[in-house]
Amino acid sequence: MNIQMYVSKKNFDVQKAERFFKERRITVQVMDLKKHKLGERELQVMASACDGLMNLIDRDDKKVKSHPACYYNQDKLLLEAIPEAPFLLKAPIVRNGRKVTVGYCPDEWEKWIAEG
């Protein structure tokens, strides 16, 4: 199992996700999106697992609402905006190969652990 957690802000869901994997002694590679810019391929994998890039945008956050990309409705435009403004993304985004979850999803992670 190769778990990667993408975070751009340290919120309560990120802390719960870190604790979930730590309690189960599962190594997690944490990718700080302020330092590690997402590539187009990574974004496309995440988008395909989440039914489009629009589902990755945190439209409830005040800072995100002030950015024009919050109101984009085309993946092509979001693909250009996200690498420059990673704070647009919901946190955490947890990836296990081609499987991706957005937010705190312990039930899905338990399935990943059971699969091995």
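All of these numbers come straight from a predicted model, not from anything done at the bench.

**Brief notes about the pattern of salt bridges**
Part 1 of the reasoning: Tallying each qualifying case throughout the model produces seven salt bridges.
Part 2 of the reasoning: Between R24 and E23 there is a salt bridge, with its nearest N and O atoms 3.6 Å apart.
Part 3 of the reasoning: K111 is the salt-bridge partner of E108, the closest N and O atoms lying 3.9 Å from each other. In this pair, E108 and K111 are both assigned in helix 5 (residues 106–115), three residues apart and thus about one turn of the helix distant.
Part 4 of the reasoning: When its relative accessible area of 49% is taken as the criterion, K111 is described as partly exposed.
Part 5 of the reasoning: Salt bridges sharing partners connect three or more residues here, namely E23, R24 and E110.

**Some points on the packing of aromatic side chains**
Part 1 of the reasoning: Tallied over the entire structure, the rule returns four aromatic pairs.
Part 2 of the reasoning: Here the aromatic rings of F20 and W109 are separated by 5.2 Å at their centres, their planes lie at 55 degrees, and the arrangement is tilted. Highlighted residues: F20 in helix 1 (residues 12–23) and W109 in helix 5, separated in sequence by 89 residues. The same class applies to F20 and to W109, which are both buried.

**Digging into the nonpolar core**
Part 1 of the reasoning: Of all hydrophobic cores here, the largest spans 22 residues; its most connected members are I82 and L88.
Part 2 of the reasoning: Mapped onto this core, the elements with two or more residues apiece are helix 2 (40–49) and helix 4 (75–81).
Part 3 of the reasoning: The biggest single contributor to this core is helix 2, with three residues.
Part 4 of the reasoning: Within the second largest apolar cluster, twelve residues are counted, among which are A17, F20, I26 and V94.

**Remarks on the environment of K76**
Part 1 of the reasoning: Looking at the element boundaries, K76 is found in helix 4.
Part 2 of the reasoning: Among the residues examined, K76 registers a relative accessible area of 62% and is labelled exposed.
Part 3 of the reasoning: Spatially, the C-alpha atom of K76 lies 9.0 Å from that of L53, the residues being 23 residues apart in sequence.

**Quick notes on the packing of helix 1 against helix 5**
Part 1 of the reasoning: Two elements in contact, helix 1 and helix 5, have axes separated by 12 Å at closest approach and are oriented at 25 degrees. In terms of axis orientation, helix 1 runs roughly parallel to helix 5. You can see that helix 1 and helix 5 cross each other, and the crossing is right-handed. Together, A17, F20 and F21 of helix 1 and P106, W109, E110 and I113 of helix 5 make up the contact between the two elements.

**Some remarks on the environment of E84**
Part 1 of the reasoning: Along the chain, E84 falls in the loop between helix 4 and strand 3 (93–96).
Part 2 of the reasoning: Measuring from C-alpha to C-alpha, the distance between E84 and N2 comes to 26 Å, with 82 residues separating the pair along the chain.
Part 3 of the reasoning: Polar side-chain contacts of E84 include one of 3.4 Å to the side chain of K37.

Calculation notes
- Residue indices begin from 1 for each chain and proceed along its sequence in written order.
- It should be noted that, the model being predicted, local features are given only for residues of pLDDT at least 70 and side-chain atom pairs only at 80 or more, the latter also being counted only at that level, while totals for whole chains, interfaces and linings use all residues.
- Just so you know, side-chain values use all the structure's heavy atoms and leave hydrogens and water out.
- Each reported salt bridge corresponds to a side-chain nitrogen of Lys or Arg within 4 Å of a carboxyl oxygen of Asp or Glu.
- Helix and strand definitions here come from DSSP, where helices need a minimum of 4 consecutive H or I residues and strands a minimum of 2 consecutive E residues; each element is numbered from the N-terminal end.
- Burial classes: relative accessible area under 20% of the type maximum marks a residue as buried, over 50% as exposed, and values in between as partly exposed (1.4 Å probe, protein chains only).
- Stacked, tilted and edge-to-face are the three classes applied to pairs of Phe, Tyr and Trp rings, where Trp contributes its six-membered ring and a pair requires centres within 6.5 Å; stacked means planes under 30 degrees apart, edge-to-face means over 60, and tilted covers the rest.
- To define a nonpolar core, start from buried Ala, Val, Leu, Ile, Met, Phe, Trp, Tyr and Cys residues and group those joined through side-chain atoms within 4.5 Å.
- Axis angles are defined between N-to-C directions and span 0 to 180 degrees, where every axis is a line fitted to C-alpha atoms and, for a helix, only to the segment in contact.
- Small angles under 35 degrees read as roughly parallel and large ones over 145 as roughly antiparallel, with 65 to 115 read as roughly perpendicular and the rest as oblique.
- Take the far helix as the reference: if the near one is turned anticlockwise from it by less than a right angle, the crossing is left-handed, and if turned clockwise, right-handed.
- Contacts are assigned to residue pairs with any non-hydrogen atoms lying within 4.5 Å of each other.
- In protein, a polar contact means a hydrogen-donor-capable atom and an acceptor-capable atom, both N or O and within 3.5 Å, with residues adjacent in sequence counting only if both atoms are side-chain atoms; elsewhere, any N or O pair within 3.5 Å suffices.

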